[in-house]
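Structure assessment
One-letter residues, chain by chain:
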Amino acid sequence: MPGRLAHRLLVSIFVLLGVLLVGFLMLQVMPADPAAAIAGAQGTDAEIETIRRHLGLDKPVMVQFALYLSRVVQGDLGQSIINNASVFTEITRAAGPTLELMCAAMIWSLPLGLSLGITAALRRGGILDRVVMAISVAGVSIPVFWVGLLLVQLAASTRAFPIQGRGGAIWTIDGLPHVILPATALGLILLGPVARMTRTTLSDALNADHVRTARAKGAGPARVVLGHALRTALLPIITLVGLQVGALMGGAVVTETIFAWPGVGRLAVNAITTGDYPMAQGAILFLALAFIVVNIAVDILSELADPRLRSRT
Amino acid sequence: MTDLPAGEIPAGSSSRTWRRMRRNPAMAIGVTVLTAVVFFALIGPMISPYDPYDTALRMRLKPPSAAHWLGTDSQGRDLATRLMYGARTTLMLGLAGVAFAALTGGAIGLLAAFYKRLDNPLMRLIDVLLSFPSILFGLSLAAMMGPGLHSLILAIGLSIMPGIARISRGAALSVMAQDFMDGGRVIGLPDVTLMRRYLLANAYAPILTYVTLAFGDAVLLAAALGFLGLGLQPPTAELGSIAAEGRSFLFIAPHVSFAASALIFLIVLPVNMLGDTLRDAADRRAS
């Protein structure tokens, strides 16, 4: 449905503007004089004045906002107040690990959630269905940090997996053991909602006309469920995953903090607690942007998954 | 909506909902657990002999005993008492956030349904807010206002408000289509009366269901931000920050984090079970 995509893009533009405004405001409320902070303790008055002019701090607020926008577009997010590191560089360094962690979480939780949902839908009202639904409601009710802390305790007593930091890219021998625990804690967030949504949409789809037709034509049970029913049930599930990326992001912030995973979430939390406004602004901007991009991607994916949406112009 | 007279819908349906809920054993367990936790949080502070802020360094990290049922924390404070106050704080935070969201979101939804002119601009604003993950509200407000009570309530409220606005607009639109709304207008009732006595009185049921489900999310967000150090600041007893404090002593005194986290779970789980039951009942009524 191009209309839906257009609507999404339009909303995204406003979201982006809102996010940029928040980022800009974050630098405005900075209690210290940003120019003096950047110049550091040894900065002379002349240096501070130069930086002030470079940042446009002597101009009206609207002009400052425009200058801020143009800097952000050029990838200039400023410098950390704490260690003077380039915010942009720090974020590009942390983005990879966060992406890795989220993918590692989805790799196990999406297939498992789908299978649990399918099982529940096929045995609706049965004991398996109840078990799956109980897991699902417990999964969305449990604080992520509890799961994380329990895993840390378990791993520490069995010495099975490292509990701190990242050991390199996750597909390497060193990297893989490090990601297991954080990915387990994070994936749990997705498991309940995916299982639940699969159960609901698949049970509806199993009663649909085209599935009855497929059965009447003699298609086997596996083909009916996976080829006909699940195909139509996939769309709400994809949309749900897109919406859950926000929850996943929240979980990632907590998980990264617990497991000392060097991602954007931990960067943001550390920046906020240490009062590093430029770094916090950059990290939040990045997370919001990533969320917007994922949601646009999900909208495009859902059109590919459902030909009915494509033909309906 | 059915063609029943509007006044009969809430009365009839709520008693039917109640009967369905009673037949559901999971529901009974949920309500019992929730009542116990609320009791623990409200009555506990009154009967506990300890103060949640009195530190006693010689009593640090003691295991459970007759005097301290759940042992003590890293400052020698009675953990059970800390948890009672913490649960109270967490419940209050959830309530305050949800109340803020329900008032603003409900008002926006009703206004959008009542005044056609406002519908488009208000709902586009809601679309934008709906596009933010709740953690981003938490992070940005903590960064802008400094971590604390105000940023926390605002973050919880803003993350739940758009959903409530959508639901209340939907509910209000179906009420707007009823004849009695036109009737009220014809006899010259002022808009405020129409909205309050006619619109809100008939649209509140789905809003309440949504608010119940949102309360669980509110508590989880408050706890997560507290755990990250972006919520209420120590020494305030709050379950998320108690869990975070216990994290430093995870291997010597695992019960501190465990008890605080488990208590959060015991608040959120029954609330979500209750919300699910309400939603299922509403879905069944709709179909």
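Predicted model only: the values in this text are computed from it and were never measured.

Brief notes about the overall build of chain A
When you go through chain A residue by residue, the secondary structure sums to 13 helices and zero strands. Taking the principal axes of its C-alpha atoms as reference, chain A extends roughly 85 × 60 × 30 Å. Expressed as a percentage of contacts within chain A between residues at least 6 apart in sequence, the contacts between residues at least 24 apart total 74%. Of the roughly 14,800 Å² of accessible surface on chain A, 67% is carried by carbon and sulfur atoms. Separation of charge centres in chain A, based on 23 positive and 17 negative side chains, amounts to 17 Å.

Regarding a nonpolar patch on the surface
All names here are of chain A. Taken together, the side chains of L10, I13, F14 and L17 define a hydrophobic patch exposed on the protein surface, amounting to about 400 Å² of accessible area. As for its placement among the helices and strands, L17 is situated in helix α1 (residues 2-28). Owing to a relative accessible area of 40%, L17 belongs among the partly exposed residues under this scheme.

Here we look at the environment of G226 of chain B
Residue and element names in this part refer to chain B. Within the fold, G226 resides in helix α8 (residues 191-228). Among the residues examined, G226 registers a relative accessible area of 3% and is labelled buried. Sequence separation between G226 and L83 is 143 residues, and the spatial gap between their C-alpha atoms is 14 Å. With sequence-adjacent residues up to four places away left out, G226 is seen in contact with G231, E238, G240 and S241.

Overview of the side chain of T277 of chain B
Residues and elements named next belong to chain B. With respect to the helices and strands, the residue T277 is situated in helix α10 (residues 255-286). A relative accessible area of 14% places T277 in the buried class. At 2.7 Å, the side chain of T277 and the backbone oxygen of M273 are in polar contact.

Examining the environment of G250 of chain A
All names here are of chain A. With respect to the helices and strands, the residue G250 is situated in helix α10 (residues 221-258). Under the relative-accessibility criterion, G250 is labelled buried at 13%. For G250 and G265, which are 15 residues apart along the polypeptide, the C-alpha to C-alpha distance reads 8.2 Å.

Overview of the interface of chain A and chain B
Contacts between the two partners involve 42 residues from chain A and, on the opposite side, 39 residues from chain B. Summed over both partners, the interface of chain A with chain B comes to about 3,400 Å²; 80% of that surface belongs to carbon and sulfur atoms. Between chain A and chain B we count one salt bridge in total. Put simply, D276 of chain B and R196 of chain A hold a salt bridge, and the shortest N to O gap is 3.3 Å. There are four residue pairs in polar contact (both at pLDDT 80 or more) connecting chain A and chain B. Secondary-structure elements contributing two or more residues to the side of chain A that touches chain B are α1, α6 (127-141), α7 (144-158), α10, α11 (264-274) and α12 (277-305) of chain A. The biggest single contributor to the side of chain A that touches chain B is α1 of chain A, with nine residues. A breakdown of the residues in the side of chain A that touches chain B according to their chemical character gives 33 nonpolar, seven polar and two charged.

Thoughts on the confidence of the model for chain B
Do not read the predicted coordinates in detail wherever pLDDT is low. Residues and elements named next belong to chain B. When pLDDT is averaged along chain B, the result is 84; 91% of the residues meet or exceed 70. The low-confidence segment residues 1-12, where pLDDT is below 50, has 10 contacts with residues more than four positions distant or belonging to other chains. ipTM for the predicted complex: 0.86, alongside a pTM of 0.87.

Focus on the environment of G231 of chain B
Residues and elements named next belong to chain B. Tracing the chain through its elements places G231 in the loop between α8 and α9 (239-247). Assessed through its relative accessible area of 0%, G231 is described here as buried. It is 37 Å that separates the C-alpha atoms of G231 and V192, two residues lying 39 residues apart in sequence. With residues near it in sequence (within four places) discarded, G231 still touches P147, G148, L152, L225 and G226.

With respect to unusual backbone geometry
Each neighbour pair has its own omega, and for P234 of chain B with P235 of chain B the value is 5 degrees, a cis peptide bond. Along the chain, the position of P235 of chain B falls in the loop between α8 and α9. One non-glycine residue with positive phi stands out, namely N84 of chain A, at about 65 degrees. Mapped onto the elements, N84 of chain A comes out in the loop between α4 (61-73) and α5 (87-122). Despite not being glycine, A260 of chain A shows a phi value in the positive range, around 50 degrees. Note on placement: A260 of chain A falls in the loop between α10 and α11.

Some details on the packing of α10 of chain A against α8 of chain B
Packed helices, taken two at a time, are described by the angle between their axes plus the distance between the axes. Orientation of α10 of chain A relative to α8 of chain B, taken along the N-to-C sense of each, is 30 degrees, at an axis distance of 11 Å. Considering the angle they form, α10 of chain A stands roughly parallel to α8 of chain B. Crossing geometry of α10 of chain A relative to α8 of chain B is assigned as left-handed. Between α10 of chain A and α8 of chain B, the residues in contact are V253, V254, T257 and I258 of chain A and A224, F227 and L228 of chain B, respectively. Classifying every residue of the contact of α10 of chain A with α8 of chain B by side-chain character gives six nonpolar, one polar and no charged.

Comments concerning the pattern of salt bridges
Residues and elements named next belong to chain B. Under the criterion given, the structure shown has 12 salt bridges over all chains. Ionic pairing is found between D73 and R77, a salt bridge with its closest N-O pair at 3.0 Å. Residue D73 shares its accessibility class with R77, and that shared class is buried. Residues joined by salt bridges that share partners form a network here, namely D73, R77, R82 and E245.

Focus on the side chain of E256 of chain A
Residue and element names in this part refer to chain A. Tracing the backbone shows E256 in helix α10. With no salt bridge to any partner, buried E256 finds its closest opposite charge in R266, at an N-O distance of 6.3 Å. Not counting residues within four places of it along the chain, the set of residues in contact with E256 comprises T98, L101, W261, G263, V264, G265 and R266.

Remarks on α10 of chain A
All names here are of chain A. The first and last C-alpha atoms of α10 sit only 44 Å apart over 38 residues, clearly below the 56 Å expected at 1.5 Å per residue. The sharpest bend along α10 reaches about 55 degrees and sits at L230. Backbone geometry just downstream of α10 places A260 in the positive-phi region, at approximately 50 degrees.

What about the packing of aromatic side chains?
The relative placement of two aromatic rings is captured by the distance of their centres and the angle of their planes. Applying the stated criterion to the full structure yields eight aromatic pairs over all chains. A centroid spacing of 5.3 Å and a plane angle of 75 degrees characterise the contact between W146 of chain A and F258 of chain B, whose relative ring orientation is edge-to-face. Taken as a pair, W146 of chain A in helix α7 and F258 of chain B in helix α10 lie in two separate chains rather than in one. Judged by relative accessible area, W146 of chain A falls into the buried class, the value being 9%.

About the thresholds
- Residues numbered from 1 in each chain as written.
- Chains lettered and ligands numbered in written order.
- Predicted model: local features only at pLDDT ≥ 70, side-chain atom pairs only at ≥ 80, totals over all residues.
- Heavy atoms only, no water.
- Helix = DSSP H or I, 4+ residues; strand = E, 2+ residues; numbered from the N terminus.
- Contact = heavy atoms within 4.5 Å.
- Areas by Shrake-Rupley, 256 points an atom, 1.4 Å probe, with all protein chains shown as cover.
- Lys, Arg positive; Asp, Glu negative; His and termini not counted.
- Charge placed at Lys NZ, Arg CZ, Asp CG, Glu CD.
- Patch = residues over 30% accessible without salt bridge, like charges linked within 9 Å, V, L, I, M, F, W, Y side chains within 5 Å.
- Salt bridge = Lys/Arg side-chain N within 4 Å of Asp/Glu carboxyl O.
- Buried < 20%, exposed > 50% of the residue type's maximum accessible area, 1.4 Å probe, protein only.
- Polar contact = N/O pair within 3.5 Å; in protein donor to acceptor, adjacent residues only side chain to side chain.
- Buried area = accessible area lost by both parts, 1.4 Å probe.
- Nonpolar A, V, L, I, M, F, W, Y, C, P; charged D, E, K, R; others polar.
- pLDDT = per-residue confidence, 0-100.
- Axes fitted to C-alpha atoms, helices over the stretch in contact; angles between N-to-C directions.
- Parallel < 35°, antiparallel > 145°, perpendicular 65-115°, else oblique.
- Left-handed = near helix turned anticlockwise from the far one by under 90°.
- Expected span 1.5 Å × (residues − 1).
- Bend = angle between axes of the 7 residues up to and from the residue.
- Phe/Tyr/Trp six-rings, centres within 6.5 Å; stacked < 30°, edge-to-face > 60°.

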